[in-house]
Amino acid sequence: MRIGELAGVAGITTRAVRHYHRIGLLPEPARQPNGYREYSLRDAVELCRIRRLTDLGLSLDEVRDVLADDSGRDLAEIVAELDADLARQQDELRHRRARLARLLREVTEDGALPAHAPVSDDLAALFGRMAGVAAAHGGPEPAAAAQERELLALLDTGLPVDQRGPLEAVMAAAEADPTLVERVYAVYAQLDALAGAAVDDPRVERTAAAMAAVVPGEVLAGVALPDEDELVGRDGFVAALFAEFAPAQAEAVRSAISRMRAAAGAVERGPE
């Protein structure tokens with residue numbers, strides 16, 4: 001067979017056949033005296049096998065690995081591995097479709113998405129509980145609540161897997177305690193009230209105490225809170241975070257962190 005006939009048998013293009021030759025996926029037969037390649041039935045069988053593997057969704061690198069590993073292996077083992085890989089792909093597709101479906105439900109009447117979308121399933125559930133509390137209270141949502149959502153969405157996206165413990169603890173605590181979101185919502189309102197206040201306003205320390213009190217112990221245990229020097233120096237991320245607050249609000253957040261750090265230290269020391 002000539003290359004065009006071979007390609008026709010496999011249902012691909014001659015360009016694809018030449019590409020497979022270049023990358024070593026399909027051995028190139030010796031050329032005849034007239035310069036043409038002459039392909040055998042075995043070449044057609046191998047090419048069709050490559051076609052079937054790529055139709056299953058495998059990349060050419062994966063196909064090469066399968067063909068290279070084929071020597072001396074049981075066919076059932078190879079097929080089982082392919083099936084397991086496809087099962088993983090199906091799970092990922094189901095997960096992605098579920099996220100897309102939830103994203104579609106979040107689209108507003110004017111066709112826009114919330115500023116925080118899309119986020120993980122657990123965080124979306126937490127945001128749903130926050131929206132429920134806001135609806136129950138009526139009136140405008142506290143600005144601090146919107147800031148909190150943006151920060152949580154940022155952490156949800158940017159945190160490495162091995163550093164997601166505190167964020168996951170927040171979501172788990174909100175799910176376990178139906179009153180937590182309601183209590184946090186009250187703190188949002190207190191923080192909003194400090195927007196135009198002086199730094200020495202007595203409400204600053206009351207708000208700081210409320211903020212520290214509302215953080216669940218399991219969350220506090222897994223957070224590396226910055227010390228006073230770090231709060232004063234403020235690296236880029238901390239500085240950007242504090243820049244979102246008015247002076248009195250920033251002081252309340254700083255004081256709340258100091259209170260939480262002291263509480264975490266007391267837990268580590270245990271009873272005296």
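Model, not experiment: these values are computed from the prediction. (Residues numbered from 1 in each chain as written. Predicted model: local features only at pLDDT ≥ 70, side-chain atom pairs only at ≥ 80, totals over all residues. Heavy atoms only, no water.)

**Notes on the overall build of the chain**
Looking only at helices and strands, the chain features 14 helices and zero strands. Along its sequence from the N terminus, the chain presents helices and strands in the succession α-α-α-α-α-α-α-α-α-α-α-α-α-α. Burial statistics for the chain: of 272 residues in total, 33% are counted as buried. Taking all contacts inside the chain whose residues are at least 6 apart in sequence as the whole, residues at least 24 apart take part in 60%. (Helix = DSSP H or I, 4+ residues; strand = E, 2+ residues; numbered from the N terminus. Buried < 20%, exposed > 50% of the residue type's maximum accessible area, 1.4 Å probe, protein only. Contact = heavy atoms within 4.5 Å.)

**Describing the nonpolar core**
Membership of the largest hydrophobic core comes to 40 residues, with the highest contact counts inside it found for L123, L126, L191 and L194. At the level of secondary structure, the elements contributing two or more residues to this core comprise α6 (121-137), α7 (143-158), α8 (165-176), α9 (180-193), α10 (202-214), α13 (236-242) and α14 (247-269). (Core = buried A, V, L, I, M, F, W, Y, C linked by side-chain atoms within 4.5 Å.)

**Focus: the packing of aromatic side chains**
Scanning all chains against the criterion turns up two aromatic pairs. For the pair Y185 and Y188, a centre-to-centre distance of 6.4 Å together with 70° between the ring planes defines the contact as edge-to-face. On the criterion of helical spacing, the pair formed by Y185 and Y188 is a turn pair, its members being three residues apart in helix α9. Here Y185 matches Y188 in class, with each residue buried. Measuring from ring centre to ring centre gives 6.5 Å for F242 and F245, while their planes differ by 80°; the resulting arrangement is edge-to-face. Taking relative accessible area as the criterion, F245 reaches 18% and is therefore assigned buried. Across from the ring centre of Y36, 4.3 Å away, lies the NZ or CZ of R2, which sits over that ring. (Phe/Tyr/Trp six-rings, centres within 6.5 Å; stacked < 30°, edge-to-face > 60°. Lys NZ or Arg CZ within 6 Å of the ring centre and 35° of its normal.)

**Things to note about the confidence of the model for the chain**
Mean pLDDT over the chain stands at 80; residues scoring 70 or higher make up 81%. Averaged pLDDT values over the elements of the chain bottom out at 59 in helix α12 (residues 228-233) and peak at 93 in α10. (pLDDT = per-residue confidence, 0-100.)

**With respect to the packing of α6 against α7**
The geometry of α6 relative to α7 is characterised by a closest axis approach of 11 Å and an angle of 175° between their N-to-C directions. Classified by the angle between their axes, α6 and α7 sit roughly antiparallel to one another. For the pair α6 and α7, the contacting residues are L123, L126, F127 and M130 in the first and A145, R149, L152, A153 and D156 in the second. Per-class residue counts for the contact of α6 with α7 are seven nonpolar, no polar and two charged. (Axes fitted to C-alpha atoms, helices over the stretch in contact; angles between N-to-C directions. Parallel < 35°, antiparallel > 145°, perpendicular 65-115°, else oblique. Nonpolar A, V, L, I, M, F, W, Y, C, P; charged D, E, K, R; others polar.)

**A few points about the pattern of salt bridges**
Summed over the entire model, instances satisfying the criterion amount to 13 salt bridges. We note a salt bridge from E28 to R31, for which the minimum N-O separation is 3.8 Å. Classification of R31 as partly exposed rests on a relative accessible area of 48%. One connected set of salt bridges, linked through shared partners, spans E28, R31 and R37. (Salt bridge = Lys/Arg side-chain N within 4 Å of Asp/Glu carboxyl O.)

**Section: the side chain of T207**
Mapped onto the secondary structure, T207 falls in helix α10. Given the relative accessible area of 1%, T207 is considered buried. If sequence neighbours within four positions are ignored, T207 has contacts with Q190, L191, L194 and A252.

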